Structures are given as structure tokens and as C-alpha cells.
Amino acid sequence: MREARFRDNFWSTDLTSTVGYDNIVQHLNDGRKNCKEFEDFLKERAIIEEKYGKELINLSKKKPCGQTELNTLKRSLDVFKQQVDNVGQSHIQLAQTLREEAKKMEDFREKQKLHRKKIELIMEAIHKNRNLQYKKTMEAKRLYEQRCRDKDEAEQAVHRNANLVTQKQQEKLFLKLAQTKSALEDSDRGYQQNIAALEKIREEWQKEHIKACEFFETQECERINYFRNALWLHANQLSQDCVQNDEKYEDIRKSLEMCSIEKDIEFFVNLRKTGSLAPAPVVYENYYNTQRNATPARSQAPVPISRRAPLPTPTSGPDDPDYVTVDGYSLIHH
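Here the structure is a predicted model, which is why all the values come from computation and not from measurement.

S.K.: How would you explain the packing of helix α2 (residues 19-62) against helix α4 (residues 167-257) if you had to name every residue and give the values?
M.R.: Across the interface, α2 lies against α4 with an axial gap of 11 Å and an inter-helix angle of 20°. Classified by the angle between their axes, α2 and α4 sit roughly parallel to one another. Here α2 runs over α4; the crossing is left-handed. Grouping the amino acids of the contact of α2 with α4 by side-chain chemistry returns 14 nonpolar, five polar and four charged.

S.K.: Break down the environment of N34 for me, citing the residues and quoting the values.
M.R.: Within the secondary structure, N34 sits in helix α2. For the pair N34 and F227, spaced 193 residues apart in the sequence, the C-alpha separation amounts to 9.1 Å. In this view, N34 contacts R223 and F227; residues no more than four positions away in its chain are not counted.

S.K.: An account of the nonpolar core is needed here, citing residue identities and associated values.
M.R.: Counting 14 residues, the largest nonpolar core has I24, M123 and F216 as the members making the most contacts within it. For this core, the secondary structure elements donating two or more residues are α2, α3 (71-160) and α4. Examining the composition of this core, we find that five residues originate from one element, α4, more than from any other. Setting aside residues no more than four positions away along its own chain, M123 makes contact with Y21, W205, E208, H209 and A212.

S.K.: So what's going on with the side chain of K248? Which residues, and what values?
M.R.: Along the chain, the position of K248 falls in helix α4. For the buried K248, which has no salt bridge, the nearest side chain bearing the opposite charge is E247, at an N-O separation of 6.2 Å. If we skip the residues at most four places from it in the chain, K248 touches Q83, N86, V87 and S90.

Rules behind the numbers
Residues numbered from 1 in each chain as written. Predicted model: local features only at pLDDT ≥ 70, side-chain atom pairs only at ≥ 80, totals over all residues. Heavy atoms only, no water. Axes fitted to C-alpha atoms, helices over the stretch in contact; angles between N-to-C directions. Helix = DSSP H or I, 4+ residues; strand = E, 2+ residues; numbered from the N terminus. Parallel < 35°, antiparallel > 145°, perpendicular 65-115°, else oblique. Left-handed = near helix turned anticlockwise from the far one by under 90°. Nonpolar A, V, L, I, M, F, W, Y, C, P; charged D, E, K, R; others polar. Contact = heavy atoms within 4.5 Å. Core = buried A, V, L, I, M, F, W, Y, C linked by side-chain atoms within 4.5 Å. Buried < 20%, exposed > 50% of the residue type's maximum accessible area, 1.4 Å probe, protein only. Lys, Arg positive; Asp, Glu negative; His and termini not counted. Salt bridge = Lys/Arg side-chain N within 4 Å of Asp/Glu carboxyl O.

Here it is in C-alpha cells:
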């Protein structure tokens, strides 16, 4: 399959037409506009990324998130908030990277515009010169053709009136014929000179048109390649940002793997414990029993013990009953 080239496909049979050239220039302008749109897209994306990153950082710093947790879960939450902050920082960094890529696209676009301007100025000048020469040539042709008709009419007048006019009139006809021939020769010479000048300009324009087509095709190839690579790079940057963020989230997961329910329970118990004995049951108390037990018993004063000599051991007379003492008890026998 033959490769399509600008230089082979943007011509017109009309010498003064610029339709092929205009189509190429319009396409290049559209391409430049497309680059500008992508540049603006990157700038807008940068604004979004920066705003999102700042909001994540503010969220991680100002919004409470399990602030009273203890021990291993607290450490996991600290890692979590720190990594959210880091993710926010990465989005801000991505925003800066996107702005740099947008600037590169702008520089590339302006560089192409500057180089194209030189070629466009050359082509505008040669188009103007070609069209002006074509107009002069067409005017010379119109004059030449008019002189041809004048000369033909003069010849016909001579032949028509050869035997009908006087000698003096005939001389006038021949003089007019000679004048028309001279005018025809002048117009013919001028016409040929304009044709030669137009051909020279046409050849010059054709060479410049081919050079312009080749230059524009090279520029368009560079633009497509640059634009495609910029898109590819943008996708890689977004993918890399996701990978880096996932690494940060992986740190959170690793921290959570170190979280121990048993250790956190034990830590809390040791930190806040109040005792191991539960309160005794509350029993029923009878009101009256409570009142009776609450009345104090009347205390009796102790009787003073007088100290005296021990009693004499009783003796029995002949007529008295006998006393018998057993273990301190006295028995009377009759």
C-alpha cells in the first residue's frame, strides 16, 4: 500500500485555488487547538488534585479519628492518619507534575506555531504574487484576444471594401489594418511575457508548495507523536500515583496486622482497673428487728464485793441436824 503524503494529495487544477493548502493549514490549526485543550485539561486536573490533596491533609490533621483509642489500635490509627496525610502530599506533588507537563505542551505548541509562521508568510507572499501575475496574464490575454478580433475586423473591412471605396478610403482601411496588426503584435508580446512570468512564478510556487507540504507533514507527525507520548506519560503518572498510594495503604494494613485485641484489652485493664472484689448482696432487714437491736440494754452497776473473813465451818450439836458439805453444797440431814 502506497504511503499517503501531503505533497501528493493537496493540489487543485485551478491555479489560483488554495483549497489544498487551506485544508492542511486548517488541520494544523485544529491540531494546535487540540494540544491547547489537553494543556487546559492538565491544568484543571492539577487544580483538582491540589484541592483534594489539601483537603486530605486538613482532614488528617484536624478531624478526630479514634483519638481515645489505646495501645496497638492507637498506633494503627496514628499510622492511618499519617498515611492519609502522605496521600494528600502525593496528590499535591502530582498537581505540580501536571502543571509542568502542561507547560511543556504549551512550549511545544508555541514552538511549532513559530516555525509554521515562517512558512505561512512565505506561502502567503507567493500566493499573492502568483494570483497577481495570473490576473495580469488574464488581462494580457483578454487584450491580446481583443487585438486579434480588431485585426480580423480590419482585414475583413479591407477585403469587403476593396472595390467599393475610393483610393483615399482604401488607404485609411490599410492604415487601420496596419495599426491593428501592430497593436496585436504588442499585445501578443505582452501576453507571452506575462505567460512566461506566470510560469516562472508557478514553478516557484509549486516548489514552495511541495516544501510547505513536507514541512507541515513533518510537523504534524511530531505533534501526533508528542501528543500521544504526553497522554501515555499522563496515564503512567496517574498509575504511578496509585501504586505509591497503595504502598501507603499497605503500611496501614501492616500496622493493622500488628494490632492485638488481647493486648489492647489487657492494656486497658491494667491502666483503668478499680478492683477485683464485687460488692456483697444486699439482704432484707426487718425494721422492728433493726429498731430492737438498735435499743441499748440497761447496764447494772456491779455490786461491790465486800471483803470479809470466811465463815466458820458449822458444827452440829447433839440435838441439831447434821450438815454435810459436798463440793461446796451443804446438805442438811434430819
